[in-house]
Amino acid sequence: MRQQHMLIPTLRDDPAEAEAISHRLLLRAGYIRQLAAGIYTYLPLGLRVMKKIEAIIREEMEAIGAQELLMPAMQPAELWETSGRYGIYGPELIRLKDRHGRAFALGPTHEEVVTTLVAAEIHSHRKLPLTVYQIQTKFRDERRPRFGLMRGREFVMKDAYSFDPDWEGLDRTYRAMEEAYHRIFSRCGLDYRAVEADSGAIGGEGGSHEFMALAESGEDTIVSCAACSYAANLEKAEAASPEAADANGFQQTDAPSHAATPPERLHTPGMRTIAELTEQLGLSPRQLVKTLIYVADGRPVALLVRGDREANEVKLARQLGCESLELADAETTRQVTGAPVGFAGPVGLTIPILADLEAAAMAEAVTGANEADYHLSGVRPGVHFALEAVGDFRNAGESDPCPRCGGRLVFRRGIEMGHVFKLGTKYSRALGALYTDEDGRRREMIMGCYGIGVSRLLAAIAEQHAGESGLRWPAAVAPFRVHLLVVAPRDETQRAAADQLYGRLLALGLDVLLDDREERPGVKFKDADLIGLPVRIVIGRGAADGLVEWRTSGEPEAETIPLPEALERAARL
Ligand code: 9G3
């Protein structure tokens, strides 16, 4: 393709609004343009990369027998009513009415649509297992779209759905899909980790795994063990048991032998935070208990975690089986505890109290007194107050031992590229996807669903491979394989050499971007640095002696080689 005619609007300077390096460079190099917050146009270069990524995905989906189809983006609200999800999602689900006033949603995902389709078309075990997939635009009205394509409101997803006759079948399908995901992300040149994940609101009885791209701009935290293969999203990562966690330090004080002496009131004017309390009372955070008030499906609950730990809301929500869970606001906290935030405690609460294992194991603790400017010491969980449940409700800590082997945990930032779920019968039951088995019995299909954020993957590859002066695409997804630059297109010798080489490279079946623009060399080199193609061949004064410059992306220096040698190397690409 001749660059002269291509729409590649490169920018001289960094756009102010771009925070992540991939966002900045995709804008500057003329790959994407924003239409509105979280909504982007893929310019020719950006679309070529997207198509290369999709081609890899299609190959790997075909290889495991998944069949491609394309479902509508406009979904009748009735489907979401039937699955019970219409009311769960708030403003994130984009709703609209058609000209007859009928309610629709713009599809954020397609469980309801695909299960309705399969329920209508598949009835016999002979037609199972079936895996279908699509590569299609999804709509999710994110509150805070950010980092360009990383978190958009309209984005491209590959979403696959599997239907098996039984759980063993789903296990096989799930494993095949996981292996396909490993091949896809490896072929795309992504540095990623597969981690155990929480299934979240999508529900489903099985497990789920996320494929996380390591990225500083990632919003997720990946916990992995330095010694074994354990890896999990922090939302799910198992916290070490109190004994194991305490093995490396602070010993719990033994429970006082005498019966329950009442807690002692401490006057703690203005001491709302752990830091203020520990400083002024000379305590270790591990002697305190944080009392966090949440609202779960509209009902207040209290969660106790030790002062040096962080609550894990995903684990708490799973225990409560609630659809929505958020921290209570100051007003609700005051109503429920009778005290301002910072003085909440378990003693005297009338709402359910759940405690993380460590907090429940404390022989005595300092807690809020549910009275402004007062705390209590010597509080004994389960004695001075009743516990509704005790469990792992905290984030694993960097000093915790690995829950599998006791090794050292490593925390990394990552962003979710893919997510695979064992759904079970959640949707086949709700939407009636039944089949007749060999014995003539009607049974519910066992489902799985599998997503890859295609546009997000494009941004993650850009993020991981970018250099200081521009993008650097792995060959498998680059918009073109070779960037052929002519320094002086008016110079007959250079132009002839360029046209000849261009023709020969195309004949080799290579994607070539020929920069034959009448621009100053410096402009052309800077643009080539931004666009980031894997190989750059420069035709300049050396053409008179049959020499060209060859530079492989990522290598600092270019080599001057004879034209025939350049053709040899190109043939080997
Ligand atoms: C919604 C909205 C946002 C959502 C969902 C539904 C995430 C929703 C989870 C999934 C699960 C899998 C198939 C491909 C892989 C992921 N955000 N999820 O269900 F209405 Cl507004 O999408 N779906």
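Preceding this paragraph is the structure being described.
Computed from a predicted structure; not experimentally measured.

1. Structural notes on the site of the ligand
Phase 1 of the analysis: Around the ligand, a shell composed of 17 residues is seen, among which Trp 80, Arg 85, Thr 109, Glu 111 and Arg 140 lie nearest.
Phase 2 of the analysis: In this structure, an oxygen atom belonging to the ligand sits 2.7 Å away from a side-chain N or O atom of Arg 85.
Phase 3 of the analysis: Between the ligand and Thr 109, the relevant distance is 2.8 Å, taken from a nitrogen atom to a side-chain nitrogen or oxygen of the residue.
Phase 4 of the analysis: At the level of secondary structure, the elements contributing two or more residues to the shell around the ligand comprise strand E8 (154–164) and strand E24 (446–453).
Phase 5 of the analysis: Partitioned by chemical class, the residues of the shell around the ligand number ten nonpolar, two polar and five charged.

2. Topic: the sheet that holds strand E28 (residues 547–552)
Phase 1 of the analysis: With mixed pairing, the five strands of this open sheet are ordered in space as E26-E25-E27-E28-E29. Looking at which strands have only one partner, the edges of the open sheet turn out to be strand E26 (512–515) and strand E29 (559–562). When strand polarity is set aside, the average angle formed by the axes of neighbouring strands in this sheet is 25 degrees.
Phase 2 of the analysis: Taken together, the four bridges between strand E27 (residues 535–539) and E28 define a ladder with antiparallel strand orientation. Across the sheet, the residue bridging to Val 538 is Glu 549, located in E28.
Phase 3 of the analysis: Here helix H14 (residues 521–531) sits on the sheet and contacts strand E25 (482–486), E26, E27 and E28; the angle it forms with E25, its principal contact strand, is near 175 degrees.
Phase 4 of the analysis: On the sheet, helix H15 (residues 563–572) packs against E28 and E29 and is oriented at approximately 100 degrees with respect to E29.

3. Some points on the nonpolar core
Phase 1 of the analysis: Ranked by size, the top nonpolar core spans 62 residues in total, and within it Tyr 31, Ile 53 and Trp 473 carry the most contacts.
Phase 2 of the analysis: Here this core spans two domains, since at least three of its residues come from each of domain 1 (15–237 + 410–463) and domain 3 (482–572).
Phase 3 of the analysis: Excluding residues that lie within four positions of it along the chain, Tyr 31 makes contacts with Leu 26, Thr 41, Tyr 42, Leu 43, Leu 45, Gly 46, Val 49, Leu 471, Trp 473, Pro 479 and Ile 531.
Phase 4 of the analysis: Among the nonpolar cores identified, the runner-up in size contains 26 residues, and Tyr 86, Leu 128, Phe 421 and Tyr 427 belong to it.

4. Description of helix H13 (residues 492–507)
Phase 1 of the analysis: Helix length check: H13, at 16 residues, gives a terminal C-alpha distance of 22 Å against a target of 22 Å (1.5 Å per residue), a fit within 8%.
Phase 2 of the analysis: The elements touched by buried residues of H13 are E25, E26, E27 and H15.
Phase 3 of the analysis: Where H13 begins, the side chain of Asp 491 points an oxygen toward the backbone nitrogen of Thr 493, at a separation of 2.9 Å.
Phase 4 of the analysis: Directly beyond the C-terminal end of H13, a positive phi value near 85 degrees is found at Gly 509.

5. Thoughts on the pairing of strand E6 (residues 103–106)
Phase 1 of the analysis: Examined bridge by bridge, strand E4 (residues 74–76) and E6 share three bridges and lie antiparallel to one another. Residue pairing in the sheet places Met 74 in a bridge with Leu 106 of E6.
Phase 2 of the analysis: In terms of strand pairing, strand E5 (residues 95–97) meets E6 through three bridges, oriented antiparallel. Pairing of Lys 97 across the sheet is with Ala 103, part of E6.
Phase 3 of the analysis: In this structure, the hairpin formed by E5 and E6 is closed by a connection of five residues, where Gly 101 is found at a positive phi of approximately 85 degrees.

6. Describing the pairing of E26
Phase 1 of the analysis: Here E26 shows a buried face lined by Val 512 and Leu 514 and a second buried face lined by Leu 513 and Asp 515.
Phase 2 of the analysis: Relative to E26, E25 runs parallel, the two sharing four bridges. Considered in E26, the bridge of Leu 485 is made with Asp 515.

7. A closer look at H15
Phase 1 of the analysis: The complete set of buried residues in H15 reads Leu 563, Ala 566, Leu 567, Arg 569 and Ala 570. Seen from one end, H15 has its buried residues packed into an arc of 165 degrees, which puts them on one side. Of the exposed residues in H15, those oriented more than 90 degrees away from the buried face are Pro 564 and Arg 572.
Phase 2 of the analysis: Buried residues along H15 sit in contact with H13, E28 and E29.

8. Observations concerning the state of the cysteines
In a disulfide, the sulfur atoms of two cysteines are covalently bonded to one another.
Phase 1 of the analysis: Taken as a whole and judged by the stated rule, the model has zero disulfides.
Phase 2 of the analysis: The thiol sulfur of Cys 402 is not disulfide-bonded, and the nearest other cysteine sulfur, from Cys 228, lies at 3.7 Å.
Phase 3 of the analysis: Here Cys 402 falls in the buried class, since its relative accessible area comes to 4%.

How each quantity is defined
- Residues numbered from 1 in each chain as written.
- Predicted model: local features only at pLDDT ≥ 70, side-chain atom pairs only at ≥ 80, totals over all residues.
- Heavy atoms only, no water.
- Near = heavy atom within 4 Å.
- Polar contact = N/O pair within 3.5 Å; in protein donor to acceptor, adjacent residues only side chain to side chain.
- Helix = DSSP H or I, 4+ residues; strand = E, 2+ residues; numbered from the N terminus.
- Nonpolar A, V, L, I, M, F, W, Y, C, P; charged D, E, K, R; others polar.
- Pairing = 2+ DSSP bridges.
- Axes fitted to C-alpha atoms, helices over the stretch in contact; angles between N-to-C directions.
- Contact = heavy atoms within 4.5 Å.
- Core = buried A, V, L, I, M, F, W, Y, C linked by side-chain atoms within 4.5 Å.
- Buried < 20%, exposed > 50% of the residue type's maximum accessible area, 1.4 Å probe, protein only.
- Domains from an automatic or database assignment.
- Expected span 1.5 Å × (residues − 1).
- Arc of directions from axis to C-beta.
- Disulfide = S-S within 2.5 Å.

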